[in-house]
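Structural overview
Next come the chains, spelled out residue by residue.
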Amino acid sequence: MSLPWTSLGLERFVAGAGGEGVVFAEGVPQSASAADLDAPRVGYGERTGGALDIAPLVRAVFPCAADHGVAAIAHYLELPDGSPAEKVGRILVRTLEEIPILDRDVVALLAEVLPPPLARFLVALLPMSAPHEEPETVTAKPAAPSETPAGTEEVLGPDGIVATALSRYETRSGQLAMASRVEDVFRRGGALSVEAGPGTGKTFAYLVPAILKLREDKTARVVVCTRTKQLQEQLFREDLPFLVERIAPTISTAMLKGRENYLCLRRWEILLQELVNGLERDRLAALAPLVRWLSDTETGDVEENSAFLADPSSRDLWARLYDSPHHCVGAFCPHMEGCFSIQARRRARKADLVVVNHSLLLADAAAHGVVLGKYSHLVVDEAHAFEAAARSAFTASLSQSMVERVVEQLAPPRNRRGGWVGRLPLAPEDEEALRAGDAAAVLPGQASRLFLSVESVLSEERRGRLPDLSAVRDDLEAFRVAVRGLGVGVEALIERVREEQDLAREGEGGLAALRELENVAGVLAREPNENAVHWYEREGGRLSLHVTPLDVAPILAECLYPDLEAAVLTSATLSLGGDFTYVHRALGVDEAFSDVQGMVAESPFSYAGRMRILVPRRFPAVLGDAETYADALAELLIDLHGALHRNGLVLFTSYDLLQRVRERLVGTVPVLAQGVDGPRTSLVERFRRGKDGMLLLGADSFWEGVDLPGEELEVLVVTRLPFAVPTDPVFAALSERYERTGREPFYELALPQAVLRLRQGVGRLIRTQRDRGVVVVTDDRIRTKSYGRKFAEGLPVPVEEAASAADLVLEAAAWFERLEDEEGSPQAD
């Protein structure tokens, strides 16, 4: 494509049409005579040294690329290799060539939101861009399978349709056994819990019976629920299409996420107007990655847009863009037919099988099924996390940020012509509108006084139980009065604009949000009931207050299970030595279903010979002096690195210990640390690329959901048995509830949770049949305490003791050497 390089002001960079003959120097693309002619310099990213930064333009034009670093975007665009400077030049040329392909309206809007001189490029290319055209909708008719499989054996067996379609497919007895049990419970009803470790193929083992059930029973409807959006995406975009096409292509499937994942077109228009006409015009550029994406996306799911999500400033902008019941005007919205959220919900309600995440399933249950409608069969994957997800879903909260968001929606104090009140068709001097604006301006200050008062009666802990709030009752009541005052003003304005149905509906959403704030404040002013705990948390210097249920089993029994014929719970870790009592009680399935069964699916992995679990004797006690323990742990990690040079994941239960160990490692071994070196996803990707034995220090989320096969992870260090923190407000209150009801909180709550957590952590190491590695547990309680046996029994291979940390390092090195002698180094494969 021939581009107008002269009008773009880039003719000095390009010696030939289409970017041919570009000469580069000093890290930026320049023509051979550019230095003499003082040509503008082009750079990429934050450190451009005064050069024109083209990264915002690249992110806007290619918003769905997984990564927007120079190397990553060059790979995404399939550009030839070269120096960093050459890559930047080619990225610039390729980006400019893409712009004329875009819809003209998209280019015009990008020119509006991006700053000069990037906007100048877009204006110059605008005449070359394509006029807007509505895309044609093509509906493909599903093809009937050549043969109809009768059951799970015909699908997953050695001669089944999956084996026929996948040349490298291996029949797994554990998968077949699980599929048969799921098929049986779907046929007769009841509840089934299945523990299926890595490699079992549990996803196909529950999807195949679900599809077969839907094919045979036209009245059935299945919901499959996962903990993470990543697994949700995999199920819907990869596994389900493969299976449905071959088993029952006439059944319909859908994926649904929470409303906060979908962009609201009406709020998009409002935000654009507010930024263009208000005091925040400098924030327009942050919206650039959404412009092209909105013209291309079929779902409106922001997870598609990695460029927008990677921008730290996108979080609060997204809060002003996503769909929400408090902002939705329903049938009165001019964008209702094109609404991404409504379309997703319509597809979900019509679908035979819907894939959701834990949060959405629980929100729907709390709302009595208004989102998903009725369904007869439920599969909960990653069910080990379902109890915590339920507790979170049924928690009510109050924070300064929540108050500010409601005020921002209704009448932002810094912009009286913004927000809902500012958009009403009323005169600027309208008294009721001014009074509502004044009430909105007062509310954040009243909330601030309330939270300062609450702070005065709290301990210094980051998280803790709320004490008796009688000392701040006056401030609580003053806050509620301020909320009611704004509510009265909003209600009066709603009545005045009742004929403007979209504005009236939006006002009602804001009014509902105010009532929720008032209700939570009212609950906090009272003593907690016997099945709830009131607690606080400080995060980012801000305080939030919460009301959380303790035992979620009765809540689930009331709102989730009653209309189900069958439920399947599955995870890699659900039982304690094959005993599912804990999870069945915690989730209430033992009370909700008359027939409740459990099974442990046989693993295809032979852990013996592929994994060692080593514990050093003569190692400082984990509950002893913190500095001594951190010193010993850091020394062990340095020695492991020096002897093995293999990637290692170090799991912590305390950020304090993580930081202490990191301080001792930096400058000695290559190390990445959670909370210091970037977000979780970025850390994992950098760790994958690590060479010469990188260490990744992680807590909390790194104990599960991290998939690092092969040489990406060969050493796993557990620094402490993962018991819940005894002072955690929810755990402490739940322990007290166990005691009140005659149950033993340590053996029936703390120990089962910790054993399951440890099994999740150790499960990070072996992900495929070819994986191998060493687990090191430095918490000596696993060998010295009587309950340590419970931890050891839950692990895939026996726990072995080494005489000392030094002996442990020598044994690990010798074991890896023996393995490579026996089977050859993986590098040689």
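Just so you know, these numbers come straight off a predicted model, no measurement behind them. Within each chain, residue numbers correspond to sequence positions counted from 1 in written order. Predicted model: local features are reported for residues with pLDDT of at least 70 only, side-chain atom pairs are reported and counted for 80 or more only, and whole-chain, interface and lining totals are derived from all residues. Excluding hydrogens and water, the side-chain figures rest on all heavy atoms present in the structure.

When helices and strands are tallied, the chain shows 35 helices and 22 strands. We compute the radius of gyration over the C-alpha atoms and compare it with the globule rule, which gives 2.2 Å times the number of residues raised to the power 0.38. Against the 2.2 N^0.38 benchmark of 28 Å for 829 residues, the chain shows a C-alpha radius of gyration of 29 Å, consistent with a compact globule. Each principal axis of the C-alpha distribution contributes one length, and for the chain these read about 75 × 70 × 65 Å. Working definition: with a 1.4 Å probe on protein chains only, accessible area under 20% of the residue-type maximum means buried, over 50% means exposed, and in between means partly exposed. The 829 residues of the chain split such that 52% are buried. The contact rule is simple, with two residues in contact once any of their heavy atoms fall within 4.5 Å. Partitioning the contacts of the chain with sequence separation of at least 6, the portion at a separation of at least 24 is 75%. Surface exposure here means Shrake-Rupley accessible area, sampled with a 1.4 Å probe, where a residue is shielded only by the protein chains that are shown. As displayed, the chain has an accessible area near 37,000 Å², and 50% of this comes from carbon and sulfur atoms. For the chain, the centre of its 90 positive side-chain charges and the centre of its 123 negative side-chain charges are spaced 2 Å apart. Secondary structure elements are taken from DSSP: a helix is a run of H or I of four residues or more, a strand is a run of E of two residues or more, and numbering for both begins at the N terminus. Positive charge is attributed to Lys and Arg, negative charge to Asp and Glu, and no charge count is given to His or to the chain ends. Charge placement uses NZ in Lys and CZ in Arg. For Asp and Glu, CG and CD serve respectively.

Further remarks concern the packing of helix α6 (residues 104-113) against helix α14 (residues 288-296). Helix axes use the C-alpha atoms of the stretch in contact, all axes being lines fitted to C-alpha atoms, and the angles between their N-to-C directions lie in the range 0 to 180 degrees. The contact between α6 and α14 brings their axes to 9 Å, and the two run at 170°. Between α6 and α14, the interaxial angle falls into the category roughly antiparallel. Packed against α6, whose contacting residues are Val-106, Leu-109, Leu-110 and Val-113, the element α14 presents Ala-288, Val-291, Arg-292 and Ser-295 at the interface. In the contact of α6 with α14, the residues fall into 6 nonpolar, 1 polar and 1 charged. When describing relative orientation, an angle under 35 degrees is termed roughly parallel and one over 145 degrees roughly antiparallel, while 65 to 115 degrees is termed roughly perpendicular and anything else oblique. In this classification, the charged set is Asp, Glu, Lys and Arg, the nonpolar set is Ala, Val, Leu, Ile, Met, Phe, Trp, Tyr, Cys and Pro, and all remaining amino acids, among them Gly, are polar.

Before going further, it helps to examine the packing of aromatic side chains. The rule is short: rings of Phe, Tyr and Trp, with Trp giving its six-membered ring, pair when the centres are within 6.5 Å, and they are stacked under 30 degrees, edge-to-face over 60, tilted in between. Across all of its chains, the model carries 14 aromatic pairs by this definition. Plain terms: the ring middles of Phe-619 and Tyr-629 are 5.9 Å apart, the flat faces sit at 90° to each other, and that makes the pair edge-to-face. With Phe-619 in the loop between β16 (611-616) and α28 (626-644) and Tyr-629 in helix α28, this residue pair connects regions lying 10 residues apart in the sequence. As far as the burial class goes, Phe-619 and Tyr-629 line up, both buried. Through pairs of rings, three or more aromatic residues link up here, namely Phe-723, Phe-746, Tyr-747, Tyr-787 and Phe-791. The side chain of Arg-267 reaches across the aromatic face of Tyr-322, ending 5.8 Å from its centre. Charges are assigned to positions over rings by a cutoff of 6 Å between ring centre and Lys NZ or Arg CZ, combined with an angular limit of 35 degrees from the ring normal. In this arrangement the basic side chain of Arg-743 is found over the ring face of Tyr-738, its NZ or CZ atom lying 4.1 Å from the centre.

Judged by nonpolar contacts, the single largest core of 83 residues is most densely connected at Leu-287, Leu-361 and Leu-556. Dropping the residues within four chain positions of it, Leu-361 is found in contact with Val-223, Cys-225, Val-356, Leu-372, Tyr-375, Leu-378, Phe-386 and Leu-560. With 49 residues, the next largest nonpolar core counts Met-694, Tyr-738, Leu-765 and Phe-791 among its residues. For our purposes a nonpolar core is just a set of buried Ala, Val, Leu, Ile, Met, Phe, Trp, Tyr and Cys residues, chained together by side-chain atoms within 4.5 Å.

On to the environment of Thr-299. Within the secondary structure layout, Thr-299 lies in the loop between α14 and α15 (306-309). With 462 residues separating them in the primary sequence, Thr-299 and Gly-761 have C-alpha atoms 34 Å apart. When neighbours within four sequence positions are excluded, Thr-299 is seen to be in contact with Arg-237, Tyr-262, Glu-304 and Phe-340.

Salt-bridge detection follows one rule: a side-chain nitrogen of Lys or Arg within 4 Å of a carboxyl oxygen of Asp or Glu. Summed over all chains, the structure comprises 61 salt bridges. Residue Lys-213 pairs with Asp-217 through a salt bridge whose shortest N-O separation is 3.5 Å. Of the charged contacts in the structure, one is a salt bridge between Asp-707 and Arg-767, with a shortest N-O distance of 3.0 Å. Of this pair, Asp-707 sits in the loop between β19 (695-699) and β20 (715-718) while Arg-767 sits in the loop between α32 (745-762) and β21 (773-777), and the two are 60 residues apart along the sequence. With relative accessibility at 23%, the residue Arg-767 sits in the partly exposed group.

Between Pro-116 and Pro-117 the backbone carries a cis peptide bond, its omega angle lying at 5°. Take Pro-117: it is sitting in the loop between α6 and α7 (118-125). One non-glycine residue with positive phi stands out, namely Glu-382, at about 50°. Here Glu-382 is to be found in the loop between β9 (377-380) and α19 (386-393). Under the relative-accessibility criterion, Glu-382 is labelled buried at 13%. Not every positive phi belongs to a glycine, and Arg-618 is a case in point at roughly 55°. The topology assignment puts Arg-618 in the loop between β16 and α28.

This next bit is on the confidence of the model for the chain. Values of pLDDT, the confidence the predictor places in each residue, fall between 0 and 100. Looking at the chain, pLDDT values average 88 and 91% of them are 70 or higher. Within the chain, the lowest mean pLDDT, 32, falls on helix α2 (residues 34-37), and the highest, 98, falls on β9. Scored below 50 in pLDDT, residues 14-40 shows 48 contacts in the model against residues more than four places distant or in partner chains. For residues 137-141, every residue scores under 50 in pLDDT, and the model assigns this stretch 0 contacts once sequence neighbours within four places are set aside.

We now examine the sheet that holds strand β13 (residues 542-549). One requirement defines pairing of two strands: DSSP has to find at least two bridges between them. Pairing is antiparallel across the open sheet formed by 4 strands, whose spatial order is β10-β13-β12-β11. On the outer flanks of this sheet lie β10 (396-399) and β11 (463-465), each paired with one strand and no other. On average, each strand axis in the sheet is tilted by 20° relative to the strand beside it, whichever way the strands run. Of the pairings in the sheet, the one linking β10 to β13 comprises 4 bridges and is antiparallel in character. Opposite Ser-397, over in β13, you have His-546 as the bridge partner.

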